[in-house]
Amino acid sequence: MDDLGKEEAFRMYETFGFEDKELIWDYIGGKIGDMVSLFEEKKRGYGEREALKRMLDDEVASLKDFLEAVEEGEKGNVDVEKVKEALRVLKKGKIEAEEVPRKVRKFLIQENILFYNPMNGTVRPQSRLLWRAIREVITSI
């Protein structure tokens, strides 16, 4: 797992020149790839809050497109309602792996929606940003 802890992430934020560390932590946590994306958004002239909102909007759009592709049979051989139900459960964040049916869990892991930790038998969204997107999308469907 490539997520940094909070203290280490805050040091990395300083390296990138980020200012609102708590806000950034709330959106992206210690995901280095998301830090790079935020840095790129800032280079384009966006403020941190606006850049984070743009990143979230992009994640929401991607998740909605993913669900549409599942529903239309373009992705996987799983029932979209079971996928939506799994996402509803994932609104809580980290959960026991058994809370998501195995077939759906395996599919979501392969699609990089879920991160599976076999040591403690839990799954969670791949990133904090994706978790925010899940919460937003699930409340609208």
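Novice: What is the right way to look at the overall build of the protein in this model?
Specialist: For the protein, the count of helices and strands is seven helices and three strands. Against the globule reference of 14 Å for 141 residues, the protein gives a C-alpha radius of gyration of 16 Å, in line with a compact fold. On the principal axes, the C-alpha backbone points of the protein span a range of 45 × 35 × 20 Å. The buried share among the 141 residues of the protein stands at 43%. At a minimum sequence separation of 6, the contacts of the protein that also span at least 24 residues come to 55%. Roughly 8,000 Å² of accessible area belongs to the protein as shown, and the carbon and sulfur atoms make up 46% of that amount.

Novice: What's the story with helix H4 (residues 48-71) in this structure? I'm lost.
Specialist: Two residues of an α-helix separated by three or four positions point the same way, owing to the 3.6 residues in each turn. Over its 24 residues, H4 extends 35 Å from the first C-alpha to the last, a length consistent with the 34 Å expected when each residue adds 1.5 Å. For H4, the complete set of buried residues consists of Glu48, Ala51, Leu52, Met55, Leu56, Val60, Leu63, Phe66, Leu67, Ala69 and Val70. Its buried side turned inward, H4 meets helix H2 (21-28), helix H3 (32-43), helix H5 (80-90), helix H6 (102-110) and helix H7 (128-140). Positioned one or two residues after H4, Gly73 has a phi angle of 80°, which is positive.

The rules behind the values
- Sequence order as written defines residue numbering, which begins from 1 separately in each chain.
- The model is predicted, so local features are restricted to residues of pLDDT at least 70 and side-chain atom pairs to those at 80 or more, both for listing and for counting; the totals for chains, interfaces and linings are taken over all residues.
- Where side-chain values are given, they derive from all heavy atoms of the structure, hydrogens and water being excluded.
- Counting from the N terminus, the helices are DSSP H or I runs at least four residues long and the strands are E runs at least two residues long.
- Each radius of gyration reported is based on C-alpha atoms, and the globular scaling rule is 2.2 Å times the count of residues to the power 0.38.
- Only protein chains enter the calculation, and the probe is 1.4 Å; a residue is then buried if its accessible area is under 20% of its type maximum, exposed if over 50%, and partly exposed in between.
- Any pair of residues with heavy atoms lying within 4.5 Å of one another is described as a contacting pair.
- Surface accessibility follows the Shrake-Rupley procedure with a 1.4 Å probe radius. Residue values consider only the protein chains on display as shielding.
- Helices are assigned an expected span. That span is 1.5 Å times one less than the residue count.

Keep in mind these numbers describe shape, not what the thing actually does.
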